[in-house]
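Report on the structure
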Amino acid sequence: MLSKEPLEQLKAKVTANPDVVKKIKAVFEWQITGANGKTSWTMDFKNGVSIGEGAPSGKPDCVIVITDENLAKMLKGEVTSQALFMQGKMKIKGGLQHALKLGEIQKLLARSKL
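Read on for an overview of the structure. Remember, predicted model here, so these are calculated numbers, not experimental data.

Conventions and cut-offs
- All residue numbers refer to position in the chain's written sequence, counted from 1.
- In keeping with the predicted nature of the model, local features appear solely for residues at pLDDT of at least 70, side-chain atom pairs appear and are counted solely at 80 or more, and the whole-chain, interface and lining totals rest on all residues.
- Heavy atoms throughout the structure, all of them, feed into the side-chain values; hydrogens and water do not.
- Criterion used throughout: strands pair if DSSP finds at least two bridges between them.
- Working definition: helices are DSSP H or I runs of at least four residues, strands are E runs of at least two. Numbering for both runs from the N terminus.
- Only buried residues count toward a nonpolar core. Its members are Ala, Val, Leu, Ile, Met, Phe, Trp, Tyr and Cys residues joined through side-chain atoms within 4.5 Å.
- Each residue gets one of three labels from its accessible area relative to the maximum for its type: buried under 20%, exposed over 50%, partly exposed in between, using a 1.4 Å probe on protein chains only.
- The working definition used for a salt bridge is a side-chain nitrogen of Lys or Arg within 4 Å of a carboxyl oxygen of Asp or Glu.

A look at the pairing of strand E2 (residues 37–44)
With eight bridges connecting them, strand E1 (residues 27–34) and E2 associate as antiparallel partners. Residue pairing for E2: Gly 34 is matched across the bridge by Gly 37. In this structure, the hairpin formed by E1 and E2 is closed by a connection of two residues. Between E2 and the antiparallel strand that follows it, strand E3 (residues 50–53), lie five residues; Gly 48 among them carries a positive phi value of about 90°.

Description of the nonpolar core
Judged by nonpolar contacts, the single largest core of 28 residues is most densely connected at Leu 10, Phe 28, Trp 30, Met 43, Phe 45, Leu 71 and Ile 105. Considering each element in turn, this core owes the most residues, four residues, to helix H6 (residues 102–111).

Some remarks on the pattern of salt bridges
Scanning all chains against the criterion turns up four salt bridges. Lys 23 is the salt-bridge partner of Glu 104, the closest N and O atoms lying 3.8 Å from each other. You can see Glu 104 sitting in helix H6 and its partner Lys 23 sitting in helix H2 (residues 18–24), a full 81 residues away along the chain. Among the residues examined, Glu 104 registers a relative accessible area of 18% and is labelled buried. Note that Lys 73 and Glu 69 form a salt bridge whose closest N and O atoms lie 3.5 Å from each other. Here Lys 73 and its partner Glu 69 are both found in helix H3 (residues 68–75), four residues apart, which amounts to about one turn of the helix. Accessibility expressed as a relative area gives 30% for Lys 73, which makes it partly exposed.

Right, here's the structure in full:
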């Protein structure tokens, strides 16, 4: 999985920057497709900070469907979430207002490259 290492690095960066979590306040389920099939990751910024493999225990605020390759590119700062959405390479189910908060993660990543 191309995005596994960047997701683990993101977890460390977000944990070290609690101000970002306060701005987001949402639970995201990432449905990631790739060569090895489909997997889910959860980013919970509503109940503290929790980023890990697996679906959320409750209903997420936003579900994002993306390929492993595109998620890795986004986390590495090679492309923005907005560009992926506009190109149809990222699908959003649920609250679009929550998906817009992904920009806060992009800002964090821009401040400290993975």
